[in-house]
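# Secondary and tertiary structure notes
Given next are the chains, with one letter for each unit.
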Amino acid sequence: MTSTATRPGRAAIAARTLRTDRWWFPPLVTFVGLGAWVTYATVRVFLHDNYWVDDYHYLTPFYSPCVTERCVEEAAHLGRFLPGWWIIPDAALTLPFLLLFRLTCYYYRKAYYRAFWLSPPACAVPDGHRRYTGETRFPLIFQNVHRYAFYAAAIISVINTWDAALAQATGLGLGNVILWVNVIMLWAYTLSCHSCRHIAGGRLKHFSKHPVRYRFWTFVSALNVRHMQLAWITLGTLALTDFYIMALAAGWFSDLRIIN
Ligand code: FES
């Protein structure tokens, strides 16, 4: 398939686009935002340090569950069964699935296809590539695994919930509030997934015969219209949670305690 700018039958317009608005601004914001987040997360994951606050049992989601030999015992809820090589993230059991979940997410696809791959960067702006093959070929055909990544992400949200509950046993501090807000937002993002909506109410001919699924589908649908916002909010809550716990673990400041 040829580019839309040169496709036979297209009006002979020399300009690459007739848009005169700042169409490049949203992809630029996405590029900067996602690029900054990925850089922060990558650095944090490979620091292998300051992920656990022993006094309050705070564990950052970037290291949960901690499964390498390097992990402190209290943070290794599922055991330390992987070698402590630098290249292996301490949360190697979950991070690949979370990465897959976000990479194949329908919203993130739109975001990075536009901002990074320029395919196309905006409506009525030609593709940045000579050929357009969509998601019908290798490697993008693997975007179809998203529905399976959803199941893994749901299990990981249970693990994050467990982490927040364990930390709760030590009292109540600002760290607990941050952990819970992050967990609630992660659940909202996960449940607002398009695959989850399909699992809830897809292929049903009669909602009236499936009242429980209908109610769940209605709930998920209400979240689903906010999927893009939740995608960004959870990037923010994940980074904030990780940063707060890193700062406590490094001794930069103390946790604000509400109940000891
Ligand atoms: Fe975004 Fe499933 S569509 S997480």
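You'll find the structure just up there.
A brief report on the enclosed structure follows. Throughout this description, residue numbers start from 1 for each chain and increase along the sequence as written. The predicted nature of this model means local features are confined to residues of pLDDT at least 70 and side-chain atom pairs, given and counted, to a pLDDT of 80 or more, with totals for whole chains, interfaces and linings taken over all residues. Excluded from the side-chain calculations are hydrogens and water; all other atoms, namely the structure's heavy atoms, are used.

### Side note on the packing of helix α4 (residues 146–168) against helix α5 (residues 174–191)
To be explicit about the condition: Lines are fitted to the C-alpha atoms to define the axes, a helix being fitted only along its stretch in contact, and any angle between axes, read from their N-to-C directions, falls within 0 to 180 degrees. A run of H or I in DSSP becomes a helix once it reaches four residues, and a run of E becomes a strand once it reaches two; helices and strands are each numbered from the N terminus. For this classification, under 35 degrees means roughly parallel, over 145 means roughly antiparallel, 65 to 115 means roughly perpendicular, and everything else is oblique. By the definition used in this description, the sense in which the near helix is turned from the far one sets the handedness, with an anticlockwise turn below a right angle giving left-handed and a clockwise turn giving right-handed. We call two residues in contact whenever any of their non-hydrogen atoms come within 4.5 Å of each other.
Here α4 crosses α5 at 165 degrees, and the two axes come no closer than 10 Å. Regarding the angle of α4 to α5, the classification is roughly antiparallel. Of the two possible hands of crossing, α4 and α5 adopt the one that is left-handed. In contact with Phe150, Ala153, Ala154, Ser157, Val158, Asn160, Thr161, Ala164, Ala165, Ala167 and Gln168 of α4, α5 contributes Asn176, Leu179, Trp180, Val183, Leu186, Trp187 and Thr190.

### Quick notes on the packing of aromatic side chains
Convention followed: Aromatic pairing here means that ring centres of Phe, Tyr or Trp (its six-membered ring) are within 6.5 Å. Orientation follows from the plane angle: under 30 degrees is stacked, over 60 is edge-to-face, and everything else is tilted. Buried, partly exposed and exposed residues are distinguished by accessible area as a fraction of the type maximum, computed with a 1.4 Å probe on protein chains only: under 20%, between the cut-offs, and over 50%, respectively. Sitting over a ring, as applied to charges here, requires NZ of Lys or CZ of Arg to be within 6 Å of the ring centre and within 35 degrees of the ring normal.
Counted according to the given criterion, the structure contains 20 aromatic pairs. The interplanar angle of 50 degrees and the centroid separation of 6.5 Å between the aromatic rings of Phe101 and Phe150 together place this pair among those described as tilted. Of this pair, Phe101 sits in helix α2 (residues 95–104) while Phe150 sits in helix α4; the two residues are 49 residues apart in sequence, bridging distant segments of the chain. Here Phe150 falls in the buried class, since its relative accessible area comes to 6%. Using a relative accessible area of 3% as the deciding quantity, one classes Phe101 as buried. One aromatic cluster is present, formed by Phe101, Tyr107, Tyr108, Phe150, Tyr151 and Tyr189 through successive ring pairs. Between Arg109 and the ring centre of Tyr106, over which it is positioned, the NZ or CZ distance is 4.4 Å.

Remember that the coordinates give geometry; whether it matters functionally is a separate question.
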